[in-house]
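The residues making up each chain are set out below.
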Amino acid sequence: MKLRRYALTPQMEQYDDFDDRGETRYLPYLMYYHRSGYRSEVLNTDRLGFRVGHGARGHASVAGERPPGPVKLLVGSSTAFGIGATTDAATLSSRLWSRYAPSTPWLNFGGRSYSSAQELLLFVLHQHLLPPVEEIVILSGFNNLALARLPEHQQGEHGAFFFCGDYHAQMDALQTRHRKAKPGFGRRAQRRSPAPPDDAPVPPTPELIGRSVELTVRHLETWRKLASVTGARLSYVLQPLATWVRQEPAPQEAVLFKELDKMSRLGIFEDLFGDIVTPETGRAYAEALRTACEKQDVPFLDLNPVLAEATTPEDWLYVDRAHCTDHGYDTVARLLTDCLDLR
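Residues numbered from 1 in each chain as written. Predicted model: local features only at pLDDT ≥ 70, side-chain atom pairs only at ≥ 80, totals over all residues. Heavy atoms only, no water.

Participant: Summarise the pattern of salt bridges; cite the residues concerned and give the values.
Facilitator: Counting across every chain of the model gives 18 salt bridges. A salt bridge links arginine 211 to glutamate 207; the shortest N-O distance between them is 4.0 Å. Residue arginine 211 and its partner glutamate 207 are located together in helix α8 (residues 205–230), separated by 4 residues, close to a single helical turn. Owing to a relative accessible area of 42%, glutamate 207 belongs among the partly exposed residues under this scheme. Salt-bridge contacts for lysine 225 lead to glutamate 221; the nearest nitrogen and oxygen are separated by 3.8 Å. With lysine 225 and glutamate 221 both in helix α8 and 4 residues apart, this pair spans about one turn of that helix. Residues joined in a network through salt bridges with shared partners are Arg95, Arg99 and Asp330. (Salt bridge = Lys/Arg side-chain N within 4 Å of Asp/Glu carboxyl O. Helix = DSSP H or I, 4+ residues; strand = E, 2+ residues; numbered from the N terminus. Buried < 20%, exposed > 50% of the residue type's maximum accessible area, 1.4 Å probe, protein only.)

Below, the structure is given as structure tokens:
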């Protein structure tokens, strides 16, 4: 039986193929990144996995062709990448370049399932490919908060990342294979204490917010230093999550969300993420990020109330709780331009 999801949003069948974990590219430092040289009518990536964008002067990507002169960057995770858009031309960076802020090419610096640490590393490792950068807009936030829910032993000094449970399990297995007995009297190498169980209680929501903001601020400070060297203007935007924008989804969203919950092996969305997806947490998180950004003199924008104010309950904005329809991305691009004075 064909999924209602594929009937309402046929492009998602292409994204599911693109996101096949059997085709994941595992990379040094970054852990993983998109499939490279991917070609389809919905999405295309260049030789390093960056999504191709379209604008006023043709097409462009970080590791591909682009018009001469300076560029602007849209940084973030899968929303910045454009999951849900029907074509490359419908992503946020493309809408900014083609319609709302067309003076300079916008490059898509999104990384699906990335934390703030990975977003920063992606730029550090690829900035040598870039011409002068005039503007950096970081559209992010939810992944850090979601990852803060993972067990303490998976957090480390730099925070957890998606699929880190698989990583730790494989590294533990590798260490076991390489472990050898110490010389002398048959004593065995001292073994590391086993990791605590993964079903430890999730910390209270204020603690999750604090952990997420602390990591975001740490990485934002490095972004600020890098931007100051090049003269690029830096802004931080809390991405719009469907449940932070409005309590009742549009009719098409209700159908999609219900089916996605039935498909999930991990439980319905609210059970999987707990209190962090409530409007109250969204507001508290935004205020904590706003205060932190003000201390670093980085412009901050919470898109959630702005998007709620600019749309009606009937506007179909989302293909799932985190990723937009073409209409949703176009609306967000317009609001980013107006609120951040991008032009």
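Once the structure has been displayed, the description carries forward.
Participant: Account for helix α14 (residues 326–340), naming residues and giving values.
Facilitator: With 15 residues, α14 ought to run about 21 Å at 1.5 Å a step, and its terminal C-alpha atoms sit 21 Å apart, in line with that. Of all the positions in α14, only Gly328, Tyr329, Asp330, Thr331, Val332, Ala333, Leu335, Leu336, Thr337 and Leu340 are classed as buried. Buried residues belonging to α14 abut α3 (78–81), α4 (92–100), β7 (133–140), β8 (233–238), β9 (300–302) and α13 (303–310). Aspartate 341 sits one or two residues past α14 and shows a positive phi near 55°. (Expected span 1.5 Å × (residues − 1). Contact = heavy atoms within 4.5 Å.)

Participant: Please give an account of the packing of aromatic side chains that cites residues and values.
Facilitator: Taken as a whole and judged by the stated rule, the model has 15 aromatic pairs. Ring geometry for phenylalanine 18 against phenylalanine 81: centres 5.6 Å apart, planes inclined by 10°, an arrangement best described as stacked. A residue pair is termed long-range when its members are at least 10 positions apart, and phenylalanine 18 in helix α2 (residues 11–18) and phenylalanine 81 in helix α3 qualify at 63 residues. Of the two residues, phenylalanine 18 and phenylalanine 81, neither departs from the other in class, the shared state being buried. Among the aromatic residues, those joined into a cluster by ring pairs are Tyr32, Tyr33, Phe50, Phe109, Tyr114, Phe123, Phe162, Phe163 and Trp223. One cation-aromatic arrangement involves arginine 21 over phenylalanine 163; the distance from NZ or CZ to the ring centre is 4.0 Å. A cation over a ring is seen here: arginine 51 above phenylalanine 81, with NZ or CZ 5.2 Å from the ring centre. (Phe/Tyr/Trp six-rings, centres within 6.5 Å; stacked < 30°, edge-to-face > 60°. Lys NZ or Arg CZ within 6 Å of the ring centre and 35° of its normal.)

Participant: Give me the packing of α13 against α14: which residues, what numbers.
Facilitator: Orientation of α13 relative to α14, taken along the N-to-C sense of each, is 115°, at an axis distance of 11 Å. In terms of their interaxial angle, α13 and α14 are classed as roughly perpendicular. For α13 against α14, the interelement crossing comes out right-handed. In this structure, α13 contributes Leu303, Val306, Leu307 and Ala310 to the contact, and α14 contributes Thr331, Val332, Arg334, Leu335, Leu336 and Cys339. Its residues assigned to classes, the contact of α13 with α14 comprises 8 nonpolar, 1 polar and 1 charged. (Axes fitted to C-alpha atoms, helices over the stretch in contact; angles between N-to-C directions. Parallel < 35°, antiparallel > 145°, perpendicular 65-115°, else oblique. Left-handed = near helix turned anticlockwise from the far one by under 90°. Nonpolar A, V, L, I, M, F, W, Y, C, P; charged D, E, K, R; others polar.)

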